[in-house]
Amino acid sequence: MSRLVAVSNRVADPSGGKSSGGLAVGLLAALNQKGGLWFGWGGKTRGGAPSAPKIVKKGKIEYATIDLYESDYDDYYNGYSNICLWPLCHYMLGFFRYERRFKDAYRRVNALFARKLLPLLKDDDVIWVHDYHLIPLAAELRAAGVSQPMGFFLHVPFPNIDVLRTLPGYRDLLRSLTAYDVVGFQTPNDARNFTEGLARENLLQAKLGHDRFRSGGREIVVSAFPIGVDVDGICQAAERALSSATVSRTVKGLADRELILGVDRLDYSKGLPERFRAFEELLARYPDTRRRLVYMQFAPPTRTGVRAYQDIREELEQSAGHINGRFAEPDWVPIRYLNRGFSRNMLMGLMRSAQIGLVTPLRDGMNLVAKEYVAAQDPKSPGVLVLSRLAGAAAELDAAILVNPYDVEGMAEAIQQAANMPSPERRERYQAMIEVLRKNDIDVWRTRFVETLESFQ
Ligand code: ADQ
């Protein structure tokens, strides 16, 4: 049996600390099942040359982490990854900024990853690289003679070629993806954007089958592998968490008011200012919702080294203060805004307690919170998911109330509809969604990807 080697910018904390990133949550669940090596940056930088990887084994997973050069970190991580690629992939060009030194650092870090990973590889490994930080890694490893199967999975959307062309050097980036044997995306739409991009740049020689192509003289698979969640694990954790002290105190504190829940990393792509405005619009337009609903939003800060993330934090604090100032009563505060990470179990318990799950990103590769919210529900009395059409999850969860996250009034109407939905309709929508989640859970995601990769062995 082959060994799975997963590579990502960061690895999850082996000591089991809180993790509020979708990649870490998904990959940890996948590796917990199959086991393997997880290689990535350990979160430390140093002035001098980075040393050999630090290896820690926990359960079935071996974690190998490296340090980065202090001088590269900012340009590679904050710069190229989060000021160039992130906004580009999310079609949010207002946040895009390019500098040549960003690209140089990105290349250097990818070369360093390849150099440090190389001595750890075995002949029967299959290598699964994750996300936009590491696109050129396969090309670096191939140049060093690695012939093992290599796959790439993009957790974020893949933009249309006309948007990708905004990035200087986009063609090299596109071509470097063809050094992988398997290139996986969240949705068929992303996969199509990629193959159309290759075709329009004359980088596609032939279509060999429905997801097989010839590019760069090699045969590659390009397909959608929508990431899923551990449905039963979440449902059980959510039910258990209801009796925990924090969740039961929180529910009691609601005093029979209905809970609307939002759980997101603090990121401008998640549509939080628009969501806050929609809630304000709801309270203004439908006075009967006042006192009846409480909106709780979790948003732990991320990427605090990037200016746009500092700005959005300030904007949300002001907005929450403004809405509470406008509508609060001595015994009712409409928005509870919490700016830090919490344990997954507690979040799952709150998801189960929430009558409405509000997931309205302006653009999202998938969005695991939407899937977690559905998985956490009580089948007898499930809550309602209000979901952005621009999240990858909407391709599967079309039984949610789908909204355009830029349409603040439309979102207010959707929340009103959710708050008044009769229970047979809630159950019907839940049934349709939970079936999709079960059919394509986290195990299916990992198995399908790894088996496709193993077919190249
Ligand atoms: P993210 O952009 O991080 O992921 P998402 O898919 O929603 O977005 O995952 C966030 C994860 O962090 C969820 O599991 C959530 O429960 C957890 N989380 C959020 N806030 C938290 C908090 N306050 N405390 C603790 N945990 C918290 C990227 C892509 C997504 C894609 C995933 C997986 O941007 O589109 O779905 O990868 O592929």
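These figures come from a predicted structure and were not determined experimentally. (Residues numbered from 1 in each chain as written. Predicted model: local features only at pLDDT ≥ 70, side-chain atom pairs only at ≥ 80, totals over all residues. Heavy atoms only, no water.)

Comments concerning helix α10 (residues 272–285)
Step number 1: The first and last C-alpha atoms of α10 sit 20 Å apart over 14 residues, in line with the 20 Å expected at 1.5 Å per residue.
Step number 2: Counted residue by residue, α10 has 10 buried out of 14 residues, so it is predominantly covered.
Step number 3: Those residues of α10 not exposed but buried are Leu272, Pro273, Glu274, Arg275, Phe276, Ala278, Phe279, Glu280, Leu282 and Leu283.
Step number 4: Against β11 (258–263), β12 (293–298), α11 (307–327), β13 (335–338), β14 (356–359) and α14 (408–419) lie the buried residues of α10. (Helix = DSSP H or I, 4+ residues; strand = E, 2+ residues; numbered from the N terminus. Expected span 1.5 Å × (residues − 1). Buried < 20%, exposed > 50% of the residue type's maximum accessible area, 1.4 Å probe, protein only. Contact = heavy atoms within 4.5 Å.)

A word on the domain arrangement of the protein chain
Step number 1: Segmentation of the protein chain into domains returns domain 1 (4–228 + 442–454) and domain 2 (231–439).
Step number 2: Computed from C-alpha atoms alone, the centre-to-centre distance between domain 1 and domain 2 is 30 Å.
Step number 3: Joining domain 1 to domain 2, the criterion identifies zero salt bridges.
Step number 4: Here domain 1 and domain 2 share four residue pairs in polar contact (both at pLDDT 80 or more) between them.
Step number 5: Counting only elements with at least two residues in the side of domain 1 that touches domain 2, the list comes to α1 (22–34) and α2 (70–89).
Step number 6: In terms of residue class, the side of domain 1 that touches domain 2 is built from 14 nonpolar, 11 polar and one charged. (Domains from an automatic or database assignment. Salt bridge = Lys/Arg side-chain N within 4 Å of Asp/Glu carboxyl O. Polar contact = N/O pair within 3.5 Å; in protein donor to acceptor, adjacent residues only side chain to side chain. Nonpolar A, V, L, I, M, F, W, Y, C, P; charged D, E, K, R; others polar.)

Some thoughts on the site of the ligand
Step number 1: Of all residues adjacent to the ligand, which total 28 residues, the nearest are His155, Arg265, Asp364, Leu368 and Glu372.
Step number 2: Between the ligand and Arg265, the relevant distance is 2.8 Å, taken from an oxygen atom to a side-chain nitrogen or oxygen of the residue.
Step number 3: Leu368 is positioned with one of its backbone polar atoms (N or O) 2.8 Å from an oxygen atom of the ligand.
Step number 4: Relative to its unbound accessible surface of 720 Å², the ligand loses 98% to contact with the protein.
Step number 5: Mapped by element, the contributors of at least two residues to the shell around the ligand are α1, α12 (344–353) and α13 (368–376).
Step number 6: Within the shell around the ligand, the residues separate by chemical class into 12 nonpolar, nine polar and seven charged. (Near = heavy atom within 4 Å. Areas by Shrake-Rupley, 256 points an atom, 1.4 Å probe, with all protein chains shown as cover.)

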